[in-house]
Amino acid sequence: MIVDERIVTFINSLDTKNSEILETIESEALAASVPIIRREMQSFLKTLLMIKKPMRILEVGTAVGFSALLMSECAPEGCRITTIENYDKRIPIARENFRRAGREEQITLIEGDAAEVMKTLEGPYDFIFMDAAKGQYIHYLPEALRLLPEGGVLVSDNVMQDGDVIESRFAVERRNRTIHARMREYLYELKHNDALVTSIIPLGDGVAVSVKRDSGPTDSVAADVNLAECGAAEEIKRQEGTENGKTS
Ligand SMILES: C[S@@+](CC[C@H](N)C(=O)[O-])C[C@H]1O[C@@H](n2cnc3c(N)ncnc32)[C@H](O)[C@@H]1O
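Predicted model, so just to flag it, every value in this text is computed and none were measured.

Calculation rules
Residues numbered from 1 in each chain as written. Predicted model: local features only at pLDDT ≥ 70, side-chain atom pairs only at ≥ 80, totals over all residues. Helix = DSSP H or I, 4+ residues; strand = E, 2+ residues; numbered from the N terminus. Buried ≥ 20, exposed ≤ 12 C-beta atoms within 10 Å, placed from the backbone. Near = placed C-beta within 6 Å. Axes fitted to C-alpha atoms, helices over the stretch in contact; angles between N-to-C directions. Parallel < 35°, antiparallel > 145°, perpendicular 65-115°, else oblique. Left-handed = near helix turned anticlockwise from the far one by under 90°. Contact = placed C-beta atoms within 7 Å. Nonpolar A, V, L, I, M, F, W, Y, C, P; charged D, E, K, R; others polar. Pairing = 2+ DSSP bridges. Right-handed = clockwise from strand over helix to strand, strands pointing away.

### Section: the overall build of the chain
Then, number 1: Per the secondary structure count, the chain includes nine helices and seven strands.
Then, number 2: Put simply, the chain has 248 residues, and 33% of those count as buried.

Here it is in structure tokens:
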């Protein structure tokens, strides 16, 4: 756990319940040791969705469909969700969960390896939730960038890897070194890629929220900005004049 356990317990104690079907699916998933988003991440995701109001969501990593269902409940009406999963045993459970929740029309589950499936998608998706194999995020990024429109939001979960990511590679178990290096590379890319503005937040197991930048003002927009700046300068001068007892 990367955040003080008492802080997490306190924050989660303030949480209100999810819908009955989500509570049931969460309990079933936890009982079967299926990894699903943590309570504090659920609340963060809901808040982001209420701000962004996406109409097309892409999720990478369905598991048994818990987070896809959670997103379907707080996205705007008409929002479509596409979710990708490659683990045979989880796919029928996810499909059944979408049916139980009456959301099978809204959520499309695509079976297969995310790296391959993402290449076949057309997009745009104005919200992408990355929650699959952590060592693959860096490989998914070019496709995620292609699929995101300007202003689109990319949320990447578990980026702190239980705190391992801040350690030197020699302090990390040998078998985790590749994933450690790839996650560091991924975080560097999220922060340094000119197309993105990213904040890395120590919530849950670490979450990165990235927004795709506008590609820049066209000449006419730039000219408008300059004019607006000139207007602002005039207004400041006018106000200074008023404060000094002059009137315009
Ligand atoms: C953390 S779980 C997803 C949890 C889910 N988002 C939730 O909170 O309810 C990650 C899932 O990604 C799937 N996964 C891992 N690598 C994948 C890949 N290359 N392509 C598709 N799915 C993958 C795993 O099988 C696993 O079910």
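Here the narrative resumes.
### Structural notes on the environment of Leu-121
Then, number 1: With respect to the helices and strands, the residue Leu-121 is situated in the loop between α6 (114-120) and β4 (127-130).
Then, number 2: Residue Leu-121 is classed as partly exposed on the basis of its C-beta count, with 15 C-beta atoms lying within 10 Å.

### So, the site of the ligand
Then, number 1: Residues in contact with the ligand amount to 18 residues; listed here are only the nearest, Gly-61, Phe-66, Ser-67, Tyr-87 and Ala-114.
Then, number 2: Every element with two or more residues in the shell around the ligand is listed here: α4 (66-74) and β2 (80-85).

### Section: the packing of helix α2 (residues 20-31) against α4
Then, number 1: Where α2 meets α4, the closest approach of the two axes is 10 Å, and the angle between their N-to-C directions is 165°. The angle between α2 and α4 places the two elements in the roughly antiparallel class. When the axes of α2 and α4 are compared, the crossing they make is left-handed. Residues Leu-22, Ile-25, Glu-26 and Ala-29 of α2 form the contact with α4, whose own contacting residues are Phe-66, Leu-69 and Leu-70.
Then, number 2: In terms of residue class, the contact of α2 with α4 is built from six nonpolar, no polar and one charged.

### Points about the pairing of strand β5 (residues 153-157)
Then, number 1: Of all five residues in β5, five are buried; the element is thus mostly enclosed.
Then, number 2: Judged by which residues are buried, β5 turns out to be covered on both faces: Val-153, Val-155 and Asp-157 on one side and Leu-154 and Ser-156 on the other are all buried.
Then, number 3: Pairing between β4 and β5: four bridges, direction parallel. Along β5, the bridge assignment pairs Ile-128 with Leu-154.
Then, number 4: In terms of handedness, the path from β4 via helix α7 (residues 137-147) over to β5 forms a crossover that is right-handed.

### Topic: the pairing of strand β3 (residues 107-111)
Then, number 1: Here β2 pairs with β3 via five bridges, running parallel. Each residue of the ladder has a partner; that of Thr-82, found in β3, is Thr-108.
Then, number 2: In the classification by handedness, the crossover that spans β2, the intervening helix α5 (residues 90-100) and the parallel β3 is right-handed.

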